[in-house]
Structure formats: C-alpha cells, structure tokens
Amino acid sequence: MTTANNDVPVLMGLTTTEAPFIEQRKAAGELYIQQPYELYTEENHAAWAALYSRMAPRWERYANQHFMRGIDSLCLDPRRVPRLDDVNKFLNPLTGFTAKAVAGYVPAFLFFDCLRNRAFPTTITIRRGDKLDYLPEPDIFHDIAGHVPMHTDKAFADTLVRFGDLAHLAAEIAQSIKDPEKQVKKVESIIKAMARFFWFTIEFGLMKESSGMKVYGSGLLSSYGELAHCVESPDVQRFPIQLEWVINQYFEIDHYQPLLFWVDSFDHLFSLVGELEQWMKDGKLDNVSPGEPLVNEADLKSFIAAEFDSKSVD
Ligand SMILES: [Fe+2]
C-alpha cells in the first residue's frame, strides 16, 4: 500500500492475494461488495488482455457453441478488466442472471442460494501478470470469462437455479436431523456429493457435440494449458457422465484432471440435477465415498444454520 499524503492510504491494485482493498473488506466482515473499478492498475488490465488474447483462439477451437454465443453477447473488452455493471447490462436481459461482486470465499449454502436467485458470486481480483498459468483460487478472468458466458444460455442458467433449489432441500434435510453426530455425518456426505457433481460438470465438464468433444467447464475454459490438454491428451480419461460415479469420485485441484465426464447437452445436464434431487430425497447421497473434497466447518454450518423459507422447496 502506498500513501498519497500522510493520512489517506491509496489502495491501488486488485491483484489476487495482494489487494489491500479486499483485505480491508474481509477484515470488516463484508462478503458482498462493490467493484471499485478505479483501483485496477495498468498491470491488472494488462494481465486481463494477455489472458484474453491467448485464450481467444483456443475458445474458437475447444469451447462449446453456447459459450461462443455467450462470449459474443457479453461484448467483453479484450483489453480491459470488465466492469460488472457492463457485463450485467448484457447478461441480465438474457436469463435474469447477474454477476455479484464478493470479497472472497462464499460458504457453500450461500453460494448455491445465490445461484437460486440468479446471482453469481464473482471474484473481482485478477491474477498477477507473471503468473498467468496457474492459480488455485478463482479470479475475475475465471469467473467472468470462464463462467459467465454460459449464464447467457437459458438451459444452463436454469440448471444453476435448480442446483440452488437442491441446496435448499439439503438444508431442510440437515435441519430435520436432531442427533448432532448423525446430522454432521449426513450433511458432510450430501455436501461432498453436491461439490463433486458441481466440479465434474460446471467446473470441468465436457460436452459431446456433432463437431466433436467440446468444453463447457469453467475451470477448463479459463486455463490456457488445460483447455487443449483435456480434449487432445491421451492421458485424459473421458466418459459419458454417470451420476453414481461422479458423486463417489474424489478429485484433486492442483494438477490437470485425469478423468472427465461428458454430457450431450445442457438439457441433459438439467435432467441430471433432477436425478440428483431424487437421489438426495431417497438418501442415496448419505454415505458417498470418502476423500476429496474435504468439507470445512463454514460449509457445514452454512447448511445446518441456513435460514430460508421452507415452503419454497418442493
Ligand atoms: Fe469456478
């Protein structure tokens, strides 16, 4: 942080893990924030431009058709970090979704509840220009260029909303269990199953189109190296999605994925969330295979202590 005069700190820079503005908001306990656009430095904009320009030809080759239509309709500036207000002007009329700025990690129930309300918690920081390739945490390039183009598609948007409904059902189930030990065990398993489904679809999903294998997972669409690797490499196993496999399959986040699943369409994906809902009701998510992802205290609590209108759940 630099100081413009003796009293007024200047919080310039919205670089991931190095942004004083974000640290301040977190320290104040704020989760939902405004995007302080004037704090982006020229280095931040240059990082966006570098990410966008090298990714564009790979999107042309590997991204699914809905993504390509979506990125066109958002009219993103390849040279400047996007303003969320501008993104929302194009996005909201299409599906009712908005990108909503957050200061950091959003506990699982709150995250899914946002989706249910057609809001997408969006990171506003951007990775360092000298570390374009790998970032363990999301940044605005992952969230806006990787996720949001798909939110312009009706079937995909409806899928996210339905996933949010599922989180409400999970919270209802959680709160119906009186024995604390049984409650934690069951809720952990349900959250794990939901997180695995989200990971192998929304974050790392493939789609089989008539033109070949394409990508719709945002983790892949925002990774220059993995976007080509996931389609081309003989080291990647690609299978038609099977619910019983996905919810029991652990994953690791710090290397290219060796195992991916494909869907036929977003209507197919939507129907899978319906199936997941039925499985949750039938207790088939109560004892999924152990392993990653670990469910942290904040995620667990977010379901057990969730406040919501139970009448809104089927
Ligand atoms: Fe993501």
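From a predicted model like this one, the values you see are computed outputs, not experimental measurements.

Cut-off values and rules
Residues numbered from 1 in each chain as written. Predicted model: local features only at pLDDT ≥ 70, side-chain atom pairs only at ≥ 80, totals over all residues. Helix = DSSP H or I, 4+ residues; strand = E, 2+ residues; numbered from the N terminus. Rg over C-alpha atoms; globule rule 2.2 N^0.38 Å. Buried ≥ 20, exposed ≤ 12 C-beta atoms within 10 Å, placed from the backbone. Contact = placed C-beta atoms within 7 Å. Pairing = 2+ DSSP bridges. Right-handed = clockwise from strand over helix to strand, strands pointing away. Axes fitted to C-alpha atoms, helices over the stretch in contact; angles between N-to-C directions. Parallel < 35°, antiparallel > 145°, perpendicular 65-115°, else oblique. Left-handed = near helix turned anticlockwise from the far one by under 90°. Nonpolar A, V, L, I, M, F, W, Y, C, P; charged D, E, K, R; others polar. Core = buried A, V, L, I, M, F, W, Y, C linked by C-beta atoms within 7 Å.

1. Section: the overall build of the protein
From N to C terminus, the protein includes 13 helices and eight strands. For the protein, the C-alpha radius of gyration of 20 Å lies close to 20 Å, the compact-globule estimate for 314 residues. Overall, the protein is about 60 × 50 × 35 Å in size when its C-alpha atoms are taken along their principal axes. When each of the 314 residues of the protein is scored for burial, the buried share is 41%. The long-range share in the protein, meaning contacts at least 24 apart out of those at least 6 apart in sequence, stands at 70%.

2. Section: the pairing of strand E5 (residues 206–209)
Relative to strand E6 (residues 212–215), E5 runs antiparallel, the two being bridged by four bridges. Bridge assignment links Met-207 to a residue of E6, and that residue is Lys-214. Linking two consecutive strands that pair antiparallel, namely E5 and E6, is a turn of two residues. Pairing analysis gives two bridges linking E5 to strand E8 (residues 259–263), with the strands arranged parallel. From the neighbouring strand, Leu-206 faces E8, where its bridge partner is Trp-262.

3. Considering the pairing of strand E4 (residues 119–123)
When a strand is regular, its side chains alternate between the sheet's two faces. For E4, the buried fraction is high: four of the five residues fall into the buried class. With five bridges connecting them, strand E3 (residues 98–102) and E4 associate as parallel partners. The residue of E4 that forms the bridge with Lys-100 is Pro-121. For the handedness criterion, the β-α-β arrangement of E3, helix H5 (residues 108–116) and E4 is classed as right-handed.

4. Looking at the packing of helix H2 (residues 42–62) against helix H10 (residues 224–232)
The contact between H2 and H10 brings their axes to 10 Å, and the two run at 20°. Regarding the angle of H2 to H10, the classification is roughly parallel. Classified by chirality, the crossing of H10 by H2 is left-handed. Residues Arg-54, Met-55, Arg-58 and Tyr-62 of H2 lie in contact with H10, whose contacting residues are Tyr-224, Leu-227, Ala-228 and Val-231. In the contact of H2 with H10, the residues fall into six nonpolar, no polar and two charged.

5. Examining helix H6 (residues 140–147)
With eight of its eight residues buried, H6 lies for the most part within the structure. Regarding H6, the residues found buried are Ile-140, Phe-141, His-142, Asp-143, Ile-144, Ala-145, Gly-146 and His-147. Looking at the buried residues of H6, the elements they touch are H2, helix H4 (84–95), E3, E4 and helix H9 (218–221).

6. Focus on the environment of Leu-294
By the element assignment, Leu-294 lies in the loop between helix H12 (266–281) and helix H13 (297–304). When the 11 C-beta atoms within 10 Å are taken as the criterion, Leu-294 is described as exposed. When the C-alpha positions of Leu-294 and Tyr-52 are compared, they lie 32 Å apart, and in sequence the two are 242 residues distant.

7. Here we look at the sheet that holds E5
Strand order in the open sheet made by the four strands is E6-E5-E8-E7, with mixed pairing throughout. Two strands in the sheet have a free side with no partner beyond their single neighbour: E6 and strand E7 (237–240). Recorded for the sheet is a direction-independent mean angle of 40° between the axes of neighbouring strands.

8. Some thoughts on the environment of Gly-205
The topology assignment puts Gly-205 in the loop between helix H8 (180–203) and E5. By the C-beta count within 10 Å, which is 25 here, Gly-205 ends up buried. Taking the C-alpha atoms as reference points, Gly-205 and Trp-262, separated by 57 residues in sequence, lie 6.0 Å from one another. Every residue in contact with Gly-205, bar those within four places of it in the chain, is listed here: Phe-200, Tyr-216, Gly-217, Phe-261 and Val-263.

9. Some remarks on the nonpolar core
Ranked by size, the top nonpolar core spans 82 residues in total, and within it Ala-170, Ile-190, Met-194, Phe-197, Val-215 and Phe-303 carry the most contacts. The greatest single-element share of this core, amounting to 11 residues, is contributed by helix H7 (residues 154–175). What Ala-170 contacts, discounting residues up to four positions off in sequence, is Ile-190, Met-194, Met-280 and Phe-303.

10. Quick notes on the packing of H5 against H13
The relative placement of two packed helices comes down to the angle between their axes together with the axis-to-axis distance. It is the contact of H5 with H13, at a shortest axis distance of 6 Å, that shows an interaxial angle of 60°. With respect to H13, the axis of H5 lies oblique. On H13, the residues that touch Ala-108, Phe-109 and Leu-110 of H5 are Asp-299, Ser-302 and Phe-303. Considered class by class, the residues forming the contact of H5 with H13 number four nonpolar, one polar and one charged.

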